Amino acid sequence: MAKPVHSMIRVRDEARSCDYYARAFGLEVADRFAFDTFALVYLRDPASPFELELTVNFDRSDPYEIGDGYGHLAVVVDDVDAEHARFAREGLPATPVKDFQHQGRTLARFFFATDPDGYKIEVIQKGGRFG
């Protein structure tokens, strides 16, 4: 059986991205590999084996085009309202909290955060399907 281990995104500014993911989601640098023209930076929450790989191409100055195929990453939190308030205090971009319902039943409560390169991260209330 396959086990997901990481997801990769391309970023322009390593320090800015590492700072964002540390402040927004508590992700820490688990590994960093520098090559002549690029670096791979693996971020991880100490409680999870899943990693976010940041690929930093040193010669890139223009923003990446995220395109219409990319959706989002998702994380779960114990208290989405408290997390949303923390994002506001930190000045981190976030949409309003949404109560997503299906047939009158809440499927999820969430908001979307946006990282410095424009990637969307869904922040979901822990519980139910996202237990």
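Caption draft 1: Region of the structure containing the packing of helix H1 (residues 14-25) against helix H2 (residues 80-90). Relative orientation of the contacting elements H1 and H2 amounts to 140°, with a least axis distance of 10 Å. For the element pair H1 / H2, the angle class is oblique. Residue-level inspection shows Tyr 20, Arg 23, Ala 24 and Phe 25 of H1 in contact with H2, the latter providing Glu 83, Arg 86, Phe 87 and Glu 90. Residue composition of the contact of H1 with H2, grouped by class: 4 nonpolar, no polar and 4 charged.

Caption draft 2: Seen up close, the sheet that holds strand E2 (residues 28-34). Taking strand neighbours across the sheet as the criterion, the 4 strands line up as E1-E4-E3-E2 in an open arrangement whose pairing is mixed. For this open sheet the edge positions go to strand E1 (6-11) and E2, each flanked by a neighbour on one side alone. Pairs of neighbouring strands in the sheet enclose a mean axial angle of 20°, with direction left out of account. Of the pairings in the sheet, the one linking E1 to strand E4 (residues 51-57) comprises 6 bridges and is parallel in character. By the bridge assignment for E4, Val 11 is matched with Val 56.

Caption draft 3: Just the side chain of Glu 14, in detail. As for its placement among the helices and strands, Glu 14 is situated in helix H1. A relative accessible area of 19% means that Glu 14 is categorised as buried. Those residues in contact with Glu 14 that lie beyond four places of it in its chain are Arg 32, Ala 39, Val 41 and Val 56.

Rules behind the numbers
- Residues numbered from 1 in each chain as written.
- Predicted model: local features only at pLDDT ≥ 70, side-chain atom pairs only at ≥ 80, totals over all residues.
- Heavy atoms only, no water.
- Axes fitted to C-alpha atoms, helices over the stretch in contact; angles between N-to-C directions.
- Helix = DSSP H or I, 4+ residues; strand = E, 2+ residues; numbered from the N terminus.
- Parallel < 35°, antiparallel > 145°, perpendicular 65-115°, else oblique.
- Contact = heavy atoms within 4.5 Å.
- Nonpolar A, V, L, I, M, F, W, Y, C, P; charged D, E, K, R; others polar.
- Pairing = 2+ DSSP bridges.
- Buried < 20%, exposed > 50% of the residue type's maximum accessible area, 1.4 Å probe, protein only.

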